[in-house]
Amino acid sequence: MADHDNYRERLLTLMEALIGAFAFVQAILEELPLPVALPDFGPDTDEDTPTTALLALDRVRQIIQDEPIADSHKRALDRLILDWFTTYELLVLTKMAGPAPWRLDAAEFSLNRVVTWIEMIEEDELDDDES
């Protein structure tokens with residue numbers, strides 16, 4: 001029973017972190033030279049909103065190609081979004097298929113990459129502001 005409780009707690013923690021990461025992605029996209037708005041994503045949204053948010057986030061990968069920003073910044077945003085989707089898919093699979101430590105480990109690993117991309121993008125923005 002302790003393993004199941006630990007699994008559930010870990011899954012919920014990762015899901016909360018994923019929702020928080022989505023909010024960071026929203027903020028980053030809203031600060032682009034050509035701001036991009038995404039619908040909210042999380043447990044308090046309407047039933048159709050998660051699908052709408054996911055489809056909108058996927059479209060962002062194309063939209064950012066037209067942003068007047070460095071190619072490295074475009075690639076970082078694209079990788080950030082892909083790693084966010086990886087985490088999302090792994091957590092959905094984990095909820096549907098049941099406990100498996102490797103799924104949670106993989107989700108945590110991809111979420112760490114999301115955080116790394118966010119940090120890189122924020123550092124680039126700070127460097128751009130100092131120029």
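The rules behind these values
- Residues numbered from 1 in each chain as written.
- Predicted model: local features only at pLDDT ≥ 70, side-chain atom pairs only at ≥ 80, totals over all residues.
- Heavy atoms only, no water.
- Helix = DSSP H or I, 4+ residues; strand = E, 2+ residues; numbered from the N terminus.
- Buried < 20%, exposed > 50% of the residue type's maximum accessible area, 1.4 Å probe, protein only.
- Contact = heavy atoms within 4.5 Å.
- Areas by Shrake-Rupley, 256 points an atom, 1.4 Å probe, with all protein chains shown as cover.
- Salt bridge = Lys/Arg side-chain N within 4 Å of Asp/Glu carboxyl O.
- Lys, Arg positive; Asp, Glu negative; His and termini not counted.
- Core = buried A, V, L, I, M, F, W, Y, C linked by side-chain atoms within 4.5 Å.
- pLDDT = per-residue confidence, 0-100.
- 1 Å grid on protein atoms, 1.4 Å probe; cavity = no way out; pocket = protein on both sides within 12 Å on 5 of 7 lines; lining within 4 Å.
- Points joined across faces, edges and corners; volume = space filled by probe spheres on them.
- Nonpolar A, V, L, I, M, F, W, Y, C, P; charged D, E, K, R; others polar.
- Phe/Tyr/Trp six-rings, centres within 6.5 Å; stacked < 30°, edge-to-face > 60°.

(A) Structural detail: the overall build of the protein. Scanning the protein from N- to C-terminus turns up four helices and zero strands. Counting helices and strands in the order they occur from the N terminus, the protein gives α-α-α-α. Counting every position in the protein, which comprises 131 residues, the buried fraction comes to 37%. Across the protein, contacts joining residues at least 24 apart in sequence account for 65% of those joining residues at least 6 apart. Split by element, the accessible area of the protein, about 8,100 Å² in all, is 53% carbon and sulfur.

(B) Here's a closer look at the pattern of salt bridges. Per the counting criterion, the structure on display carries seven salt bridges. Among the ionic contacts, a cluster of salt bridges with common partners joins Asp-58, Arg-61, Asp-78 and Arg-79.

(C) Spotlight on the side chain of Glu-67. Relative to the elements of secondary structure, Glu-67 occurs in the loop between α2 (49–63) and α3 (71–97). No salt bridge is formed by the buried Glu-67; the nearest opposite charge belongs to Lys-74, separated by 8.2 Å. Residues in contact with Glu-67, not counting those within four places in the same chain, are Leu-32, Pro-33, Leu-34, Val-36 and Lys-74.

(D) Layout of the nonpolar core. Counting 35 residues, the largest nonpolar core has Leu-29, Leu-38, Leu-57, Leu-77, Leu-80 and Trp-84 as the members making the most contacts within it. Within the residue set of this core, elements represented by two or more residues are α1 (2–30), α2, α3 and α4 (101–130). If near-sequence neighbours (up to four positions away) are discounted, Leu-80 is found in contact with Val-25, Ile-28, Val-114, Trp-117, Ile-118 and Ile-121.

(E) Seen up close, the confidence of the model for the protein. Residues with a pLDDT of 70 or more make up 89% of the protein, whose mean pLDDT is 89. Element-level pLDDT for the protein is lowest in α4, with a mean of 87, against a maximum mean of 95 in α3.

(F) Spatial organisation of the layout of surface pockets. The space that makes up the largest pocket amounts to roughly 250 Å³. Met-15, Leu-18, Ile-19, Phe-41, Gly-42, Pro-50, Tyr-88, Leu-91, Val-92, Lys-95 and Met-96 are the residues that line the largest pocket. Looking at the lining of the largest pocket, the elements that each hand over two or more residues are α1 and α3. Residues that form the lining of the largest pocket fall into these classes: nine nonpolar, one polar and one charged.

(G) A look at the packing of aromatic side chains. Considering all chains together, one arrives at six aromatic pairs under this definition. When the centroid spacing of 5.3 Å and the interplanar angle of 80° are considered together, the rings of Phe-41 and Trp-84 count as edge-to-face. Residue Phe-41 is located in the loop between α1 and α2, and its partner Trp-84 is located in helix α3; the two are separated by 43 residues in the primary sequence. No difference in accessibility class separates Phe-41 from Trp-84, as the two residues are buried. With 5.8 Å between their ring centres and 75° between their planes, Trp-84 and Phe-85 make a pair best called edge-to-face. Classification of Trp-84 by relative accessible area gives buried; the value is 0%. Counting every residue linked through ring pairs, the aromatic cluster contains Phe-22, Phe-41, Trp-84, Phe-85 and Tyr-88.

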